[in-house]
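Overview (structure and organization)
In case you want the letters, here they are:
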There are 2 protein chains.
Amino acid sequence: MRTSTRPTPARDALLEAACQLFYTQGIRGTSVDAILERAGVARQSLYQHFESKDGLVAAFLNVRDERWCGWMNDFVVAASDDSLERVYAIYDFLADWFSQSDFSGCAFINTAAEYGNPEHPFHILSSRHKARVLNDIETLCKAANLPDHKALARQLALLMEGAIVTEQVTPGSNAAAEAKGIARILIQSRSNKAAPSRAVPLQSRSKK
Amino acid sequence: MRTSTRPTPARDALLEAACQLFYTQGIRGTSVDAILERAGVARQSLYQHFESKDGLVAAFLNVRDERWCGWMNDFVVAASDDSLERVYAIYDFLADWFSQSDFSGCAFINTAAEYGNPEHPFHILSSRHKARVLNDIETLCKAANLPDHKALARQLALLMEGAIVTEQVTPGSNAAAEAKGIARILIQSRSNKAAPSRAVPLQSRSKK
DNA sequence: CTCTAATTAGACCAAGCGTTCTACATTGGA
DNA sequence: TCCAATGTAGAACGCTTGGTCTAATTAGAG
């Protein structure tokens, strides 16, 4: 019998249970039995749709990547029409995320922590996800006409990581607001630097 | 038979093996057997000196906390006599750490990732460690006479976390230098803010 | 020497793990 | 109606896990 990749009720339930459990309990901390119970699905169904537990993990990481990037992009687009405000909205998105009751840090940071070897397939998926996020942030910075947008995006991404783990290790530390404050300083200092004259420009570069 | 807490060759070997393996492979990813083999010690010795695997984990987290903070403080003290330079040296310490062949991120971030529940004893130890680190950074900022040193320390700590996970998930990303660059901007922007006049001060605050 | 504590080697155990297998029920199109 | 796909329930397998037990050996202090 071959493992089918087509979506079906059982497959969906498994993937959904996997998303919740792998994220909140960790991968090694989640047993196949726990997933089956949560999904309310027979043992055989798992191995009908996925090669193994590891196959289910890979599927989880892929949908998590897709969904998370979608959440962030949807949020910043909904947050404002102004492209600079959208950059700042990244950190409002974080604050929103952190306040969710099942927030357990970044699934990909956690996965990279569990599978420390950078050659491990799961670790590779994690760094690929981070590359995509960086790319999305670059796009936002470019849209806002921010100078040196690639370097800025790297800085903003680092702030994001810092906020995520700070809030994870020490919940309630308001790390999203902290990161947003730093981002503001970075962006303002960059705008100043880009100004041709030695004096601080009095009018702001963006329209509104 | 009672578990002895006094240091002895076998106990030391166990703790050392635990430090290496728990750090690089994760806690759940390290079996008792693997520790015994690495320590070159009999099974019984483990349970003579530690209540259980979890007891050994707790011991590991405590010595890791002690050692890591010691490493950082020793590094910044050795780096310079100038108290401001010592603040910046935090990120040189990170670069040094990242370049070590067994670098696997922060043991405490990893532990908090593995044990997501904030009530879990290991998670609590992790956030306690981060509180100590924050305190050490505060002390450095205060020594450098930096205005609003507690708030600044929080920012610098967030940068540190960001650098650590960035380098962990994506090795070779030069995250320590990136974080140091941001720290420089933060500190300079703070110094400007503290200056009484509207103009940018021309002479630097530190002597060298 | 002798007592005591530390250590060793390895069998052993119950529980959990991921995985496979068998057997049966449901269902929807050809 | 029949077929094939999809599902269920649950036993079973082989391996690993953390932890216990027994018995023998080592080594330092009085």
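First, a word on what this report is: a plain description of the structure on this page. (Residues numbered from 1 in each chain as written. Chains lettered and ligands numbered in written order. Predicted model: local features only at pLDDT ≥ 70, side-chain atom pairs only at ≥ 80, totals over all residues.)

1. Thoughts on the overall build of chain A
Broken down by element type, chain A carries 9 helices and 0 strands. Counting from the amino terminus, helix and strand elements in chain A follow one another as α-α-α-α-α-α-α-α-α. Out of the 208 residues in chain A, the part that is buried amounts to 39%. At a minimum sequence separation of 6, the contacts of chain A that also span at least 24 residues come to 58%. (Helix = DSSP H or I, 4+ residues; strand = E, 2+ residues; numbered from the N terminus. Buried ≥ 20, exposed ≤ 12 C-beta atoms within 10 Å, placed from the backbone. Contact = placed C-beta atoms within 7 Å.)

2. Let's talk about the relation of the copies chain A and chain B
At an RMSD of 0.0 Å, chain A and chain B line up after a rotation of 180 degrees and a shift of 0.0 Å along the axis. Here the symmetry operator amounts to a two-fold rotation axis. Across chain A, the smallest distance between a C-alpha and the rotation axis is recorded for A:Gly162, namely 1.8 Å. A shared binding surface is used by both copies, with 100% of the interface residues of chain A retained as interface residues in chain B. (Least-squares fit on C-alpha atoms with pLDDT ≥ 70 in both.)

3. Overview of the protein's contact with DNA strand D
Among the 20 residues in the neighbourhood of DNA strand D, the closest are listed as A:Thr8, A:Ala10, A:Ala42, B:Ser52 and B:Lys53. Those elements that place two or more of their residues in the surface near DNA strand D are α1 (9-25) and α3 (43-49) of chain A together with α2 (32-39) and α3 (43-49) of chain B. The dominant element in the surface near DNA strand D, judged by the number of residues it contributes, is α3(A), at 4 residues. In terms of residue class, the surface near DNA strand D is made up of 6 nonpolar, 8 polar and 6 charged. (Near = placed C-beta within 6 Å. Nonpolar A, V, L, I, M, F, W, Y, C, P; charged D, E, K, R; others polar.)

4. Examining helix α5 (residues 83-98) of chain B
Residue and element names in this part refer to chain B. The end-to-end C-alpha separation of α5 is 24 Å, in line with the 22 Å expected for 16 residues at 1.5 Å each. At alanine 89, α5 shows its largest bend, some 35 degrees. Inspection of α5 places Leu84, Arg86, Val87, Ala89, Ile90, Tyr91, Leu94 and Phe98 among the buried residues, and these make up the whole buried set. (Expected span 1.5 Å × (residues − 1). Bend = angle between axes of the 7 residues up to and from the residue.)

5. What about unusual backbone geometry?
Look at A:Asn174: it is not a glycine, yet its phi comes out positive at around 60 degrees. On the basis of neighbour counts, which here come to 14 C-beta atoms within 10 Å, the residue A:Asn174 falls in the partly exposed class.

6. Some details on the interface of chain A and chain B
Across the contact, 38 residues belong to chain A and 38 residues belong to chain B. Secondary-structure elements contributing two or more residues to the side of chain A that touches chain B are α1, α6 (107-114), α7 (121-143), α8 (149-169) and α9 (175-194) of chain A. Here the element with the most residues in the side of chain A that touches chain B is α8(A); it accounts for 11 residues. Here the residues of the side of chain A that touches chain B sort into 16 nonpolar, 16 polar and 6 charged.

7. Digging into the environment of A:Glu37
All names here are of chain A. Tracing the backbone through its elements, the reader meets glutamate 37 in helix α2 (residues 32-39). Residue glutamate 37 is classed as exposed on the basis of its 12 C-beta neighbours within 10 Å. Counting along the chain gives 121 residues from glutamate 37 to leucine 158, while the straight-line C-alpha distance between them is 38 Å.

8. A closer look at helix α4 (residues 53-79) of chain B
Residues and elements named next belong to chain B. In a regular helix each residue adds 1.5 Å, so 27 residues correspond to 39 Å; α4 covers 38 Å between its end C-alpha atoms and thus fits that length. Those residues of α4 not exposed but buried are Leu56, Val57, Phe60, Leu61, Arg64, Met72 and Val76. Buried residues in α4 make contact with α1 (9-25), α3, α5, α6 (107-114) and α7 (121-143).

9. A few points about the protein's contact with DNA strand C
Around DNA strand C sit 20 residues, and of these A:Ser31, A:Ser52, A:Lys53, B:Thr8 and B:Ala10 come closest. Of all the secondary structure elements, the ones that give two or more residues to the surface near DNA strand C are α2, α3 and α4 (53-79) of chain A together with α1 and α3 of chain B. Top contributing element to the surface near DNA strand C by residue count: α3(B), with 4 residues. Class assignment of the residues belonging to the surface near DNA strand C gives a composition of 6 nonpolar, 8 polar and 6 charged.

10. Some details on the packing of α4(A) against helix α5 (residues 83-98) of chain A
Residue and element names in this part refer to chain A. One way to put it is that α4 packs onto α5 with a least axis distance of 8 Å and a crossing angle of 125 degrees. Accordingly, the angle class assigned to the pair α4 and α5 is oblique. Here the hand of the crossing between α4 and α5 comes out right-handed. Contact residues: Met72, Phe75, Val76 and Ala79 in α4; Glu85, Arg86, Ala89, Ile90, Asp92, Phe93 and Asp96 in α5. (Axes fitted to C-alpha atoms, helices over the stretch in contact; angles between N-to-C directions. Parallel < 35°, antiparallel > 145°, perpendicular 65-115°, else oblique. Left-handed = near helix turned anticlockwise from the far one by under 90°.)

11. Description of the nonpolar core
Counting 113 residues, the largest nonpolar core has A:Ile109, A:Ala179, B:Ile109 and B:Ala179 as its most contacted members. Residues contacting A:Ala179, with those up to four places away along its chain left out, are A:Tyr91, A:Leu94, A:Leu159, A:Met160, A:Gly162, A:Ala163 and B:Leu158. (Core = buried A, V, L, I, M, F, W, Y, C linked by C-beta atoms within 7 Å.)

12. Side note on the environment of A:Thr139
Checked against the element boundaries, A:Thr139 lands in helix α7. A tally of 14 C-beta atoms within 10 Å means that A:Thr139 is categorised as partly exposed.

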